Each structure stands twice: as structure tokens, then as C-alpha cells.
Protein chains: 2
Amino acid sequence: MNLKQLAESLNLSQTTVSRALNGYPEVREETRARVLAAAQAANYQPNSRARRLATGRAMTIGHVIPLAGKTEMVNPIFADFLAGAGEVYANEGYDLLLSIVSDGEAERAYRQMAANGSVDGVMIQSPETDDTRIALLRELGLPFLVHGRTQNPDGYSWLDVANKSAFRKATNFLLDLGHRRIALINGQENLDFAARRRAGYAEAIWSRGMAPNPDWMRADVMTEGFGYVAASKMLDLAETPTAFLVSSVIPAIGVRRAVVERGLVLGRDISLVTHDDVLSYMNNDADGPAFTATRSSIRGAGQRCAEILIDLIRKPNQPHVQELWETELTVGRSTGPAPAG
Amino acid sequence: MNLKQLAESLNLSQTTVSRALNGYPEVREETRARVLAAAQAANYQPNSRARRLATGRAMTIGHVIPLAGKTEMVNPIFADFLAGAGEVYANEGYDLLLSIVSDGEAERAYRQMAANGSVDGVMIQSPETDDTRIALLRELGLPFLVHGRTQNPDGYSWLDVANKSAFRKATNFLLDLGHRRIALINGQENLDFAARRRAGYAEAIWSRGMAPNPDWMRADVMTEGFGYVAASKMLDLAETPTAFLVSSVIPAIGVRRAVVERGLVLGRDISLVTHDDVLSYMNNDADGPAFTATRSSIRGAGQRCAEILIDLIRKPNQPHVQELWETELTVGRSTGPAPAG
DNA sequence: AGCGGCGTTCAAAGCGCTTTGAGCATATGG
DNA sequence: CCATATGCTCAAAGCGCTTTGAACGCCGCT
């Protein structure tokens, strides 16, 4: 059933039927009711391809997800972010176009989306400190929102977590517990969030008159295996850390494995603070928080990002939206006073 | 730049330019070369909205992802499955439309996709033993492929892992090690894969003249927290299991946490076999396989599923494709002979 | 009676492509 | 030299909507 047939069956013009369905005011209420009833009865749905061509709007938002590292893995936080954003998109009538590309192919993907008009805007995630995508999208004139930000966060819209202050707070928390040898297991430090976390960590250490020790700092794609390997190596050093500060729950699980394997007890022999994105399947709260953590829901961020982006699409030429979310530090069972000695 | 302008700039008709770009034979090679060069120079990309309307094809495949459980979580395996499928889609020129819906909203999402023609086919994941989506999509006439299958797997195309035999093998492996008290930490058993795994587990136990013990069997959404809680309860029973068979690496990590917390050592005091979907960020192989596991790459499945579905879309009226993948059992460090007594 | 304004409806143009059917050369065969 | 085939190109129709601009009937006003 298409609009023409529906209009004919009602003895109305396509114009009137279209207007009735789309809520335009120049249609008599009685007529609108008739149209709505007939549409309902016939299970009429306007063809989205035709509608998109006619309106010039794609009613679609693009997410380009780059595969990270040599092993091309998908950052698991994307799933929860998408869940949050997708919910808002659905409510607002937008589709979500997902493009998963190898590292380096992202630019081509954005250019294509802009050129062939398949999306009205795009979401950028996990930017590098000096991310080239921002200049590109500005050039392409495609509305976009960045989840995270770059070193120079001016001139575009973003939503970010206060990474630096979160890791400063977490480091201070460990320092206050008496820890002096604190390790940092970070994400890839070309990514802005990781660079800021490292800065917060270093700042706290410097502020106590100490210097960060490179032996106790590692950064890589945040897998369970990386956490395990990084912590293992540090725990085999002559001078081992007494505490770990970890960038995500996933590598934190690897750290825990390395700790336990050495017969050490988390929260007693070794302390661990992690950033917790509140991943749904990695709930840190079953039976009380296992890890002491700075937390900020990635899913909540996805929702808010979607709201902002849609607003940016609907009302162009508005000032840039920039939102910074503070994190809370939840004390769990993975931290305790530094062991004597 | 649109087709009309491009054609004018070349002094050719839109017809010829369109044909040249789309590789039709009735165009002189010299002309085609001219057109291609001009298109390249102008960075011309056909407007996808117009193309879709004209061809009647959406060049898009839909994935409807239901949020599971009361907490509405996203099954983390979806990310890796999407990565695999997305790669193939991109190569074949298809877009990926992602719809994330609350449980129970899935039917509406499929109906809408079918009615408004936004997709050419859909992928179904994690079917229930008697999944209603299959009848629905058949009724809607929308091509689809099921990753997994239902109790009655006839009359539609699917790709599945041999779940029953995998868990039979895994259980026998534990039985052969002398374990007699084997627990099953399963996914939600309304899902077909979980039901089959349970059947394989039970079959192996019955075949040794024993009976499965309900106290040692739990099933729920496969989170780390669920694994932890389920294993904790079992380890606090008067008669505790000596081995755990777990449906995914994620709850297996929770089981490990519960085991370690009780001062027990995995692979010595307690054995653990898990199914490993080879999630990229949960690599079970950093430093040798931590868990003994039946494994089958979810990402590989995504790739193959995408290939099959595209083929189904391109050539309708072909016989159903049904593919069953066997798993391999990799012995890691989480299993050992049953402790004496 | 004539006029403007309002509420309602319509025919037709347009979105930017693909595809059909026709047309015009040029080549081929009888 | 005509008839037919072949290679290449074109104008125009069509995909199913939205949106513009016009038209129609009716009302109240002067």
C-alpha cells in the first residue's frame, strides 16, 4: 500500500493525505481522523526511501567504529554507548547507521557518508589528542558530536568525562592510604582520555614531591590480557607497586588475575582502583562493589550524546555544546592501607 | 555535484553517465573513461537516497538487538559479531542499520523495517527455542538469516555452533578427569543455545549412570556478577562441585573470582571449562590459554552470516542454507584431575 | 452585490537517481 | 543498394514521497 493508493481509496489527494498523516494544520479534523483510520486499517507506512529523497533528510545518524590495534578489536564500551544512543535515536525517529572500519579507513567512511547523504550527522568516539576527524567533519559540513574531546577542545561540540580530575582524585585516594608505589595501567595514550588520565595521575604524584616511575606505567589497548601481562611484569620487578590504577574494568580483571596468581590478596597486599564505565555485563556491584572505582556510565553518556547531536542537527548555527561530567569515587573491596615496609 | 550537472559538464545524457559509472556494457570504453575521470575529479558520489528510491533496494541490512533482562543489558558478544558482519557488509556495499530495542519491542521494529522498506534483509541473533521472530519474518517476506537456530530448525536458513556436542564433550572431558560433581553455569535457558548446552551436559552425565543435580545448575543473563553469585552459592553448599562448566568467558571470570576468594586454586582445587566466543578484548590466549574452553569465534560467525545473508538477498528462491560449526576443546590452565575425596 | 479572508483541498513539480524504449549512425550480409 | 544487425547515445518515465502555488467555497464585512 502506498500513498497514492491510500489517497484513492479515500477519494482524497495525496497532498491531503500526506498532510493529515504528518500533522499539518491545514487539514480538517474530521478528514484527518478518516485518513488516520484508513492508514491504520491498511497498516500503511510511508516508504522511507521516498520520504528521504523528498525531504532531503536521511533521518539517520552515523557511527563509525574503528577497529583498534593490530588485532583489530572492537572496544567493548561501544556496545553500551550504542545502547544508550540507540534508545534516544529510536524515540526521536532516527535510524542508526553503523560502519565498522579498519584503522585508517575512517576518513573514507566519513567522506562517503557526507557525499552520498546517507546520514544527517555523525558521532565521534574516543578521539585522539589531536584528532584529524574534527577538521575533516568541519570541512565536510556534517554535524557531529564528539564523545570525549581533543587537546584543544574549542570550536566544536563535545561531551566528556573529567578524566584528569578523576585520576587525580583516585591517585590521591591511594596516596592517602599510604601507597607510594602506584602503577598506572592505561589505555593507548594517543587517545585523549588516556592522556588526560595519565596527566591527572602524574599531577597527584608530583604534588606530593614524588616523581612518576616509568617502570610502573604501561599503556595499550584495554584488554583483559593486557592488564594481566602488564601487572605480571610489574609484580616481577625488584621493586613492585603496592597499588594499581587501571583505566577500565576489563584490564582490571587481568590485573586481578595476575595478583591472585602470585598468592597476593587484593585490598590487603595490593590495592586496585579502576575507572568503571558501568558496562552492563561487567556490573561492579553484584554483591557490593568489587573494585574501588571512579565511575561514569558510558550508556548514560550515549543517551546524552544522542540528545545533543539530534539537537545540533535540528538547529544548526547554534553555539557549540560542551559538557563535562564529573565522576564519583566509589570505595569497594579492592583497596586498603599500604602494607607496612 | 549531482548526476545532472556531471552529465551536462560532459555533454552527455544522464543515462550514459549513469551507465558508465555502473559498469553497463552499452557504453564505449572511451566514453566510460571520460566519465570516470570527470566523476573522480569532481568527487562525485551518487546520492544514496535517490539511488535507493530508484532501484527499490535499500542496500541495507538490519540488526535488531534486544536489551536483555530487567537491567536491559547488551549482550557483549554482539559487538564482535557486528564487527565480523560489518566488515563483509562494507565490502559488498551494504549499510548496517542497527536498532536497539527493549525486549518485546523487537516485533514492532521488524514490522516497521519491512513496511517502510528501509532494509533488504535482517539478521536474527540468539533465538529462543521457539522463537516467534521466524514466523513473523516469513510472514513479512523479508529475507533473514538466523545466527543460532530453534528447536525445530527446518524451513529457514541458519548458522549455528554445535552447542550440544560441545558441552557433551566438555562434560566428558571433566568426567574423564575424575570429576563427579560438575556444575553448569548457563545462559538463560529460554535461549536455544543454552537449552542445547544444557542437554549436552545432561546427556554426558546420564551416560555415566549419574543424574544431573539441580543444586549445581544455574542459568541467567551471562554477566560477570551472575557467574560470581552463582558459583559463590554453590561453593557454600554442603556438597560443593569440583568443576564448573560455564557458558561464556564473562561469567567464567565471575566464577574465578568466587573460587579465588575462598582461597581455592583454579586447576587444582576446582576445575573450570568455559565456552569461549573469542571476544577480542577477552583474549583467552594472552600468555597461554587461561581457561580450558570450547571455542568458536563469534566474529568469524558474523562474517560468514553476513555472506550467507547477502547471498540470500541477491538470489531469492534458493534452498535454505544451514551450517553447523563444530567447536574445538582447548585445554588451558583452569582444569586438572578431580581432587581426592 | 462585491470584496477580502479563511479554511480546506487539489494538481503538479520536484527530490536525484535508474531504466525503458526509441533513435541514429555505422557496419555487415545478401 | 537495400535490409538487418550492432554499438552507442538519448529523452522521458518512473520510484513514492513532500511541498508549492493555485483554486474553490463559504463567511462576514462594507
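Further up the page is the structure itself.
Parameters and conventions
- Residues numbered from 1 in each chain as written.
- Chains lettered and ligands numbered in written order.
- Predicted model: local features only at pLDDT ≥ 70, side-chain atom pairs only at ≥ 80, totals over all residues.
- Heavy atoms only, no water.
- Least-squares fit on C-alpha atoms with pLDDT ≥ 70 in both.
- Contact = heavy atoms within 4.5 Å.
- Buried area = accessible area lost by both parts, 1.4 Å probe.
- Salt bridge = Lys/Arg side-chain N within 4 Å of Asp/Glu carboxyl O.
- Polar contact = N/O pair within 3.5 Å; in protein donor to acceptor, adjacent residues only side chain to side chain.
- Helix = DSSP H or I, 4+ residues; strand = E, 2+ residues; numbered from the N terminus.
- Nonpolar A, V, L, I, M, F, W, Y, C, P; charged D, E, K, R; others polar.
- Pairing = 2+ DSSP bridges.
- Axes fitted to C-alpha atoms, helices over the stretch in contact; angles between N-to-C directions.

Student: Please explain the relation of the copies chain A and chain B as it appears in this structure.
Tutor: Each copy of the chain is related to the other by a rotation around an axis and a translation along that axis. At an RMSD of 0.0 Å, chain A and chain B line up after a rotation of 180 degrees and a shift of 0.0 Å along the axis. On the angle and the small slide along the axis, the relation comes out as a two-fold axis. Considering only C-alpha atoms, the residue of chain A closest to the rotation axis is Leu97(A), which sits at 2.4 Å. In this assembly, 100% of the residues forming the interface of chain A have copies in chain B that are likewise at the interface, indicating an isologous arrangement.

Student: Just to check I follow, could you spell out the interface of chain A and chain B for this structure?
Tutor: Interface size is often expressed as the accessible area that is lost when the parts come together. On the chain B side, the residues contacting the 50 residues of chain A number 50 residues. Summed over both sides, the interface of chain A with chain B buries roughly 4,400 Å², with 61% coming from carbon and sulfur. Remark: the boundary between chain A and chain B carries 2 salt bridges. Of the charged contacts in the structure, one is a salt bridge between Arg256(A) and Glu224(B), with a shortest N-O distance of 3.4 Å. Applying the counting criterion to the chain A and chain B interface returns 16 residue pairs in polar contact (both at pLDDT 80 or more). Tallying contributions element by element places helix H11 (residues 249–261) of chain A first for the side of chain A that touches chain B, with 6 residues. Of the residues belonging to the side of chain A that touches chain B, the class tally is 25 nonpolar, 13 polar and 12 charged. Where strand E2 (residues 95–102) of chain A meets strand E2 (residues 95–102) of chain B, 3 bridges bridge the pair, whose relative direction is antiparallel. Among the inter-strand pairings, Leu98(A) is bridged to a residue of E2(B), identified as Leu96(B).

Student: I tried to follow the sheet that holds strand E7 (residues 217–219) of chain A on my own but got confused; where do I start?
Tutor: To summarise the sheet geometry, strands pair through backbone hydrogen bonds and adopt either a parallel or an antiparallel arrangement. Residues and elements named next belong to chain A. Taken in spatial order, the 6 strands line up as E7-E6-E8-E9-E10-E12 in an open sheet, and their pairing is mixed. With one partner strand each, in any of the chains shown, E7 and strand E12 (328–330) form the two edges of the open sheet. Taking each pair of neighbouring strands and ignoring which way they run, the sheet shows an average axis angle of 15 degrees. Strands strand E6 (182–186), strand E8 (243–246), strand E9 (271–276), strand E10 (292–295) and E12 of the sheet are contacted by helix H8 (residues 163–176), whose axis makes an angle of about 170 degrees with E8. On the sheet, helix H10 (residues 224–235) packs against E6, E7 and E8 and is oriented at approximately 155 degrees with respect to E6.

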